[in-house]
Amino acid sequence: MSAQTVGDGSGADPEIVLSMRDVSKAYGDGDGRVHALRRVSLDVAAGEMVAVMGTSGSGKSTLLSIAGAMVTPDAGEVTVAGVPIEGASARGRARVRRELVGFVFQDFNLIPALTVIENVALPLDLDGASRATARSEARRALAAVGMRERGKDFPDDLSGGQRQRVAIARAMVGQRRLVLADEPTGALDSVTGDRVLSVLRSMADQGSAVVLVTHDARHAAWADRIVHLADGTILEEARAARPEQLLTGEPR
Ligand SMILES: Nc1ncnc2c1ncn2[C@@H]1O[C@H](COP(=O)(O)OP(=O)(O)OP(=O)(O)O)[C@@H](O)[C@H]1O
Ligand SMILES: [Mg+2]
């Protein structure tokens, strides 16, 4: 029911990083069967930030989990940076997750045995970056979320909101092609929440495709587009007015 196109129709479209075509997913069977997603199609381009909104149970986290190759859809096609997910082996999907996707999930845990800076540097270590590069990028990411001073601490020494910020820093390193954030500001105070939003925004501005699940219309306004999910279906899509554009009158 919903065909989305990306771009403003003014010629060369930017590269599509996430492409989801007629994606469906159901959980359980018989009377308990829940259709979490029904033929959802969504394209997100490099440099674009899309906010996904919808009531609890509307399928937002399912959409992100499929986009991030963590959950396999029952039907439909998904590609990330041109790599098809649905035909890929478990190993191929793990590789997509590790190399192409940055995750900021509610339950995406830090590794308790590693310090904060080691947690943040981990994706770069896995990429094969030098230790010095990994450390300095991790320090930069921690500074961006206001956690520069906590690099030597362990996750257990931090509050929930601080852990969330570290998880965000980890998703920021390595300039992932696709960044997926599931209510990343839920546990944060409003100042830190705004900071996280501006970090996500700048990741998009630097060329990542960003998908943000949020209940907060103020945060959704930072996105280029807002997608409304209801009962596993995309109801409508709107272009968002970015706050700074409203302030400066900058044309969209
Ligand atoms: N692993 C699972 N097993 C069974 N049902 C599931 C599973 N994951 C999700 N569901 C069901 O699929 C539907 C969509 O769930 P989903 O988590 O995607 O919603 P959501 O929009 O993220 O909700 P919330 O705002 O509460 O996080 C819900 O009815 C949920 O109960
Ligand atoms: Mg959810």
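Everything below is about the structure printed above this text.
This write-up is about the structure you can find in this document.

Calculation rules
- Residues numbered from 1 in each chain as written.
- Chains lettered and ligands numbered in written order.
- Predicted model: local features only at pLDDT ≥ 70, side-chain atom pairs only at ≥ 80, totals over all residues.
- Heavy atoms only, no water.
- Helix = DSSP H or I, 4+ residues; strand = E, 2+ residues; numbered from the N terminus.
- Expected span 1.5 Å × (residues − 1).
- Buried < 20%, exposed > 50% of the residue type's maximum accessible area, 1.4 Å probe, protein only.
- Contact = heavy atoms within 4.5 Å.
- Salt bridge = Lys/Arg side-chain N within 4 Å of Asp/Glu carboxyl O.

Notes on helix H5 (residues 160-172)
- Counted at 1.5 Å a residue, the expected span for H5 with its 13 residues is 18 Å, and the 19 Å between its end C-alpha atoms agrees.
- Across the 13 residues of H5, 11 count as buried, placing the element largely inside the fold.
- Residues of H5 that are buried: Gly161, Gln162, Gln164, Arg165, Val166, Ala167, Ile168, Ala169, Arg170, Ala171 and Met172.
- Where the residues of H5 are buried, they touch strand S6 (101-104), helix H3 (116-127), helix H4 (131-144) and helix H6 (190-205).
- Of the residues one or two after H5, glycine 174 is the one with positive phi, at around 80°.

Concerning the pattern of salt bridges
- Tallying each qualifying case throughout the model produces 17 salt bridges.
- Two residues, arginine 150 and aspartate 153, come together in a salt bridge whose shortest N-O distance is 2.5 Å.
- A relative accessible area of 24% places arginine 150 in the partly exposed class.
- On the accessibility criterion, aspartate 153 (22% relative accessible area) is partly exposed.
- The residue aspartate 224 makes a salt bridge to arginine 201 at a minimum N-O spacing of 3.3 Å. Note that aspartate 224 is positioned in the loop between helix H7 (217-220) and strand S9 (225-230) and arginine 201 in helix H6, a separation of 23 residues in sequence. A single burial state applies to aspartate 224 and to arginine 201, both of which are buried.
- In this structure, a network of salt bridges that share partners links the residues Arg95, Arg98, Glu99, Asp127 and Arg176.

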